[in-house]
Amino acid sequence: MLPEFTLSRPADIDEVLRELNADVVPYAGGTELLLAMKMGLLVPSGLVDLKRIPALREISASESAIVIGAGATHDEVARHELIQAHAPLLVQVEQNVGNARVRSQGTIGGNLCFAEPRSDLLALLAAFDATVLLRSVRGDRTLAMAEFVLGPYWTDRAEDELLVSVAIPRPCPTGAYVKLQVTERPTVGVAAVRTAAGRCRVVVGSVTEVPLVVAGASWDDIDADGIVAQVEPVSDIAGSAEYKKHITGVYVRRAVALARDGAV
Amino acid sequence: MSSATGSAAGSTSEIATTVNGAAYRGSVANRTTLAAYLRDELGLKGTKVSCELQVCGVCSVLVDGRPVSSCTYLAADIDGRTVETVEGLATGERMHELQRAFVRNFALQCGFCTPGFLMMSKALLERNPDPTEDEIREYLDGNICRCTGYQPIIAAVLEAAAELRGVGVD
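Residues numbered from 1 in each chain as written. Chains lettered and ligands numbered in written order. Predicted model: local features only at pLDDT ≥ 70, side-chain atom pairs only at ≥ 80, totals over all residues. Heavy atoms only, no water.

Let's talk about the pairing of strand β2 (residues 24-27) of chain A
All names here are of chain A.
And step 1. Two elements, β2 and strand β3 (residues 46-49), share four bridges in a ladder whose sense is parallel. When the sheet's bridge partners are listed, Y27 is paired in β3 with D49.
And step 2. Assessed by its sense of winding, the connection that carries the chain from β2 through helix α2 (residues 33-38) to β3 is right-handed. (Pairing = 2+ DSSP bridges. Helix = DSSP H or I, 4+ residues; strand = E, 2+ residues; numbered from the N terminus. Right-handed = clockwise from strand over helix to strand, strands pointing away.)

Encoded structure:
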């Protein structure tokens with residue numbers, strides 16, 4: 001049973017910013033927030049509904065970046081023609097987040113702000129060198145993914161800030177994303193991409209507290225054993241720490257092999 | 001203006017909605033889930049509740065044509081929107097193509113998961129009238145059935161899709 005709370009439905013972003021504080025929080029798909037509230041982990045006194053603000057769902061492209069409104073659902077991102085044209089790897093990942101209901105309810109911004117470590121998007125967007133735009137009545141801030149995600153369920157977003165959008169620099173890197181997922185969230189997810197500057201970048205997510213980024217001039221510079229030595233998984237229902245270390249190496253090698261062959 | 005919910009300072013919201021073609025208007029507690037509203041306020045008990053974590057799929061309904069887990073969706077959010085539940089599938093005495101295909105294929109035993117599977121299948125066929133078997137499996141992988149072993153469900157959706165496209169068996 002959910003606790004009691006107030007619910008407001010602002011018409012625009014400025015109105016949202018005036019309402020946010022430590023007790024009054026942004027609310028979009030609810031796929032993370034409502035679960036945490038049901039379990040008593042979060043007890044906000046008020047929710048500010050973002051779903052009816054069209055500006056927060058816009059997806060656009062400029063010369064330099066693809067910009068995705070934080071309120072766009074996973075399904076909307078996957079089906080958008082700009083994303084399909086410029087970031088096919090993001091389409092593939094968004095088509096496989098959670099289940100079909102989570103994809104139609106959950107938003108890209110909510111996924112990032114909750115910072116659940118077992119997130120495909122945290123790893124992929126780090127591989128893409130994406131940035132996030134945070135806004136408050138005090139002004140705007142743009143942060144790289146590594147600056148934004150500080151730890152499990154912990155971001156640099158202040159209580160009065162709203163995540164407005166995610167920007168992916170163009171041209172968007174190409175490569176591969178592979179994951180092992182037997183429950184509703186991935187156990188390990190690995191992105192291997194070649195950047196516009198020709199660098200090879202591997203990002204390991206889900207198995208670590210925050211995504212681990214490794215880069216090199218060629219795929220031969222990516223040392224899977226070295227990556228395995230760096231990750232410190234915890235044993236849980238998805239497997240022992242030893243098992244997770246092993247599959248991390250397997251999935252790094254798979255991702256690199258696919259990216260080497262030039263997959264999306 | 002934060003006017004839409006009526007009482008920004010309170011713990012209830014005013015809603016005007018359409019459920020299975022019928023209009024409803026009234027006040028709901030903000031913390032009421034859509035599943036609770038459908039079952040307890042409207043008496044539409046076809047929608048079930050089990051895991052309450054968006055994992056099992058038994059509470060699946062459509063809001064403006066999109067599938068949602070009604071256990072983790074606020075009733076207040078259906079204001080101005082259209083909801084479809086399993087009770088709205090049949091037309092009078094005539095069952096929906098999906099329902100008839102489920103019966104023909106023995107795609108249910110205890111029936112507890114069936115409303116969720118039917119609504120997810122409807123959402124799939126509305127966006128993709130001619131899905132492959134793999135696409136059906138992928139779309140329904142967030143719904144759990146402990147009786148059938150899934151194969152009859154896949155067969156039923158394939159058959160209903162063919163029938164809805166006008167190339168059916170009967």
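Still to come is the rest of the account.
A word on the interface of chain B and chain A
And step 1. Contact with chain B, which involves 37 residues of that partner, is made by 33 residues of chain A.
And step 2. Here chain B and chain A share an interface that buries about 3,100 Å² over both sides, 47% of which is from carbon and sulfur atoms.
And step 3. If you look at where chain B meets chain A, you find four salt bridges.
And step 4. When the shortest N-O distance is used, the salt bridge between K51 of chain A and D77 of chain B registers 2.9 Å.
And step 5. At the junction of chain B and chain A, the tally comes to 22 residue pairs in polar contact (both at pLDDT 80 or more).
And step 6. Residue assignment for the side of chain B that touches chain A shows that the elements contributing at least two residues are β4 (66-69) and α3 (114-127) of chain B.
And step 7. Among the elements that take part in the side of chain B that touches chain A, β4 of chain B stands out by supplying four residues, more than any other.
And step 8. Of the residues belonging to the side of chain B that touches chain A, the class tally is 15 nonpolar, 14 polar and eight charged. (Contact = heavy atoms within 4.5 Å. Buried area = accessible area lost by both parts, 1.4 Å probe. Salt bridge = Lys/Arg side-chain N within 4 Å of Asp/Glu carboxyl O. Polar contact = N/O pair within 3.5 Å; in protein donor to acceptor, adjacent residues only side chain to side chain. Nonpolar A, V, L, I, M, F, W, Y, C, P; charged D, E, K, R; others polar.)

Here's the deal with a nonpolar patch on the surface
And step 1. There is a patch of nonpolar side chains on the surface, built from M39, L41 and L42 of chain A and spanning about 310 Å² of accessible area.
And step 2. Its location among the elements puts L41 of chain A in the loop between α2 and β3. (Patch = residues over 30% accessible without salt bridge, like charges linked within 9 Å, V, L, I, M, F, W, Y side chains within 5 Å. Areas by Shrake-Rupley, 256 points an atom, 1.4 Å probe, with all protein chains shown as cover.)

Some thoughts on helix α11 (residues 241-260) of chain A
An α-helix turns once per 3.6 residues; consequently, residues spaced three or four apart project the same way.
All names here are of chain A.
And step 1. Here α11 spans 28 Å end to end across 20 residues, near enough to the 28 Å set by a 1.5 Å rise per residue.
And step 2. Along α11, the residues classified as buried are K244, I247, T248, G249, Y251, V252, A255, V256 and A259.
And step 3. Residues of α11 that are buried make contact with β11 (174-180), β12 (188-194), β13 (200-205) and α10 (224-230). (Expected span 1.5 Å × (residues − 1). Buried < 20%, exposed > 50% of the residue type's maximum accessible area, 1.4 Å probe, protein only.)

Here's the deal with the sheet that holds strand β5 (residues 65-69) of chain A
All names here are of chain A.
And step 1. One open sheet holds the five strands; their spatial order is β4-β5-β10-β6-β7, and the pairing between them is antiparallel. For this open sheet the edge positions go to β4 (59-61) and β7 (139-144), each flanked by a neighbour on one side alone. Taken over all neighbouring pairs, the strand axes of this sheet differ in orientation by 20 degrees on average, direction set aside.
And step 2. The pairing of β5 with strand β10 (residues 162-169) spans five bridges and is antiparallel. Counterpart to I68 in the pairing with β10 is V166. (Axes fitted to C-alpha atoms, helices over the stretch in contact; angles between N-to-C directions.)

With respect to the pattern of salt bridges
Residue and element names in this part refer to chain A.
And step 1. Applying the stated rule across the entire model yields 30 salt bridges over all chains.
And step 2. The closest approach of N and O atoms between E161 and R141, which form a salt bridge, is 2.8 Å. Pair noted here: E161 is in the loop between β9 (154-155) and β10 and R141 is in strand β7, with a separation of 20 residues, a long-range link.
And step 3. Overall, the relative accessible area of 2% leaves E161 in the buried class.

Regarding the sheet that holds β13 of chain A
Backbone-to-backbone hydrogen bonds join strands into a sheet, with any given pair of strands oriented parallel or antiparallel.
Residues and elements named next belong to chain A.
And step 1. On the basis of which strands lie adjacent, the open sheet formed by four strands has the order β11-β12-β13-β14 and antiparallel pairing. Among the strands making up the open sheet, the edge pair consists of β11 and β14 (212-216). Averaged over neighbouring strand pairs, the angle between their axes works out to 15 degrees when direction is ignored.
And step 2. The pairing of β12 with β13 spans six bridges and is classified as antiparallel. Across the sheet, residue V193 finds its bridge partner in β13, namely R201.
And step 3. Relative to β13, helix α8 (residues 120-127) is tilted by about 160 degrees, and along the sheet it contacts β11, β12 and β13.

Comments concerning the packing of aromatic side chains
Residues and elements named next belong to chain A.
And step 1. Applying the stated criterion across every chain yields a total of two aromatic pairs over all chains.
And step 2. Ring geometry for F114 against Y153: centres 5.8 Å apart, planes inclined by 85 degrees, an arrangement best described as edge-to-face. With F114 in helix α7 (residues 108-114) and Y153 in the loop between β8 (149-151) and β9, this residue pair connects regions lying 39 residues apart in the sequence.
And step 3. The class of Y153 is partly exposed, set by a relative accessible area of 47%. (Phe/Tyr/Trp six-rings, centres within 6.5 Å; stacked < 30°, edge-to-face > 60°.)

A closer look at the domain arrangement of chain B
Residues and elements named next belong to chain B.
And step 1. Segmenting chain B into domains produces domain 1 (12-88) and domain 2 (97-164).
And step 2. The distance between the C-alpha centroids of domain 1 and domain 2 comes to 21 Å.
And step 3. Of the residues lining the interface, 16 residues belong to domain 1; the matching set on domain 2 comes to 15 residues.
And step 4. Together domain 1 and domain 2 conceal approximately 1,200 Å² of surface at their shared face, both sides included; 66% is due to carbon and sulfur atoms.
And step 5. The interface formed by domain 1 and domain 2 contains one salt bridge.
And step 6. We note a salt bridge from K122 to E84, for which the minimum N-O separation is 2.5 Å. (Domains from an automatic or database assignment.)

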